[in-house]
Amino acid sequence: CGDSTDAASVARVIGDDRAALLFTSPPYGNQRDYTTGGVSDWDALMQGVFGAASGAMRGDSQVLVNLGLVHREGEWQPYW
């Protein structure tokens, strides 16, 4: 129904309503076959999603994010 990183798309879908809960399971940083910018690309994607979502959320809402861990070269890599 639209691009979740585009505030206008989010506004069109949610209308005058405001969400009490946002639950998202974004693509894990190291599992995106289409990634071109590595972790920085993932960070930009999430910045866009949460930036657009902020106008659609109630002031007392909750955001739940399901994240995986990035394991690279024998070490866990923090990424967001």
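Bear in mind that the values here come from a model prediction, so they are computed numbers and not experimental data. In this numbering scheme, every chain counts its residues from 1 along its sequence in written order. Given that the model is predicted, a residue must reach a pLDDT of at least 70 before its local features are reported, and side-chain atom pairs must reach 80 or more before they are shown or counted; all residues, however, enter totals for whole chains, interfaces and linings. Side-chain measures here rest on the full set of heavy atoms in the structure, leaving out hydrogens and waters.

**With respect to the confidence of the model for the chain**
Interpretation of the predicted coordinates at a detailed level should be avoided for regions scoring low in pLDDT. Across the chain, the average pLDDT comes to 78, with 72% of residues at or above 70. The predictor attaches a confidence to each residue, called pLDDT, with possible values from 0 through 100. Think of it this way: any DSSP run of H or I at least four residues long counts as a helix, any run of E at least two long counts as a strand, and we number them from the N terminus. Element-level pLDDT for the chain is lowest in strand S3 (residues 70–72), with a mean of 70, against a maximum mean of 92 in strand S2 (residues 57–65).

**With respect to a nonpolar patch on the surface**
A cluster of nonpolar side chains, namely Leu21, Phe23 and Leu64, defines an oily patch on the protein surface of about 310 Å² accessible area. Structurally, Phe23 can be placed in strand S1 (residues 19–24). Remark: exposure states derive from per-residue accessible area (1.4 Å probe, protein chains only) relative to the maximum for the residue type, with buried under 20%, exposed over 50%, and partly exposed in between. You can call Phe23 exposed: its relative accessible area is 55%. Residues enter patches when they are more than 30% accessible in relative terms and free of salt bridges; like-charged ones are connected within 9 Å and nonpolar ones (Val, Leu, Ile, Met, Phe, Trp, Tyr) within 5 Å. Residue burial considers only the protein chains on display, and all accessible areas are found by Shrake-Rupley using a 1.4 Å probe. Any Lys or Arg side-chain nitrogen found within 4 Å of a carboxyl oxygen on Asp or Glu counts as a salt bridge.

**Looking at the nonpolar core**
In this structure, Ala19, Leu22, Trp42, Met46, Val49, Phe50, Ala53 and Met57 together form the largest nonpolar core, which totals 8 residues. When residues of this core are traced back to their parent elements, those giving at least two are S1 and helix H2 (38–54). Tallying contributions element by element places H2 first for this core, with 5 residues. We call two residues in contact when some of their heavy atoms are within 4.5 Å. Apart from residues no more than four positions distant in its own chain, Val49 is found in contact with Ser4 and Thr5. Here, nonpolar core means buried Ala, Val, Leu, Ile, Met, Phe, Trp, Tyr and Cys residues that are tied together by side-chain atoms lying within 4.5 Å of each other.

**Some remarks on the pattern of salt bridges**
This structure, assessed with the given rule, holds 1 salt bridge. In this structure, Asp60 engages Arg58 in a salt bridge whose closest nitrogen and oxygen atoms are separated by 2.9 Å. For Asp60, a relative accessible area of 54% corresponds to the exposed category. We classify Arg58 as partly exposed; its relative accessible area is 39%.

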